[in-house]
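# Residue-level structural notes
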Amino acid sequence: MPRYFFNTRIGDELIVDPDGEDLRNPDRAWEVARQMILEVVKSEGAQPALLEAVIEVTDDDGEIVLEFPFTEALLDMPDQSATRH
């Protein structure tokens, strides 16, 4: 299985994932990146810097496989302020 690395870019700063994760394909890497973003926003809140952050998923060769903006993941979040009955 290919190994994918989930690096986080916030402005000019790049937080490197040194270990990566073995996943079956880029679609699964997309799902993992989305879940990572949702977990970060849940724990840290929607801080302005995070709204500009991007997860850069790279392969073993360091090539970017996909870029996942935090805002894209937030667009799919359920509205937690809605009243539930």
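Residues numbered from 1 in each chain as written. Predicted model: local features only at pLDDT ≥ 70, side-chain atom pairs only at ≥ 80, totals over all residues. Heavy atoms only, no water.

Under the annotation held in an unreviewed UniProt entry, the chain carries the name DUF6894 domain-containing protein and is attributed to Bradyrhizobium zhanjiangense.

### A few points about the pairing of strand 4 (residues 54-58)
In plain terms, the rule: For the exposure calls, accessible area comes from a 1.4 Å probe over protein chains only, and a residue counts as buried if that area is under 20% of its type's maximum, exposed if over 50%, partly exposed in between. In this description a helix means any DSSP run of H or I spanning at least four residues, a strand means any run of E spanning at least two, and both kinds are numbered starting from the N terminus. Note on pairing: two strands pair once DSSP finds at least 2 bridges between them.
In terms of burial, strand 4 is largely enclosed, as four of its five residues are buried. Judged from the five bridges that link them, strand 1 (residues 3-10) and strand 4 form a sheet pairing that is antiparallel. Bridging from a neighbouring strand, Thr8 pairs with Ile55 of strand 4. Pairing of strand 4 with strand 5 (residues 64-69), which is carried by five bridges, proceeds in the antiparallel orientation. Of the residues in strand 5, the one forming a bridge with Thr58 is Ile64. Between the end of strand 4 and the start of strand 5, which pair antiparallel, lie five residues, with Gly62 showing a positive phi angle near 85°.

### Describing the pattern of salt bridges
Note the cut-off: Each reported salt bridge corresponds to a side-chain nitrogen of Lys or Arg within 4 Å of a carboxyl oxygen of Asp or Glu.
Per the stated rule, a full pass over the model turns up three salt bridges. With a shortest N-O distance of 2.8 Å, Arg9 and Glu56 are connected by a salt bridge. Highlighted residues: Arg9 in strand 1 and Glu56 in strand 4, separated in sequence by 47 residues. Of the charged contacts in the structure, one is a salt bridge between Glu31 and Arg28, with a shortest N-O distance of 3.0 Å. Pair noted here: Glu31 and Arg28 are both in helix 1 (residues 26-44), with a separation of three residues, about one helical turn.

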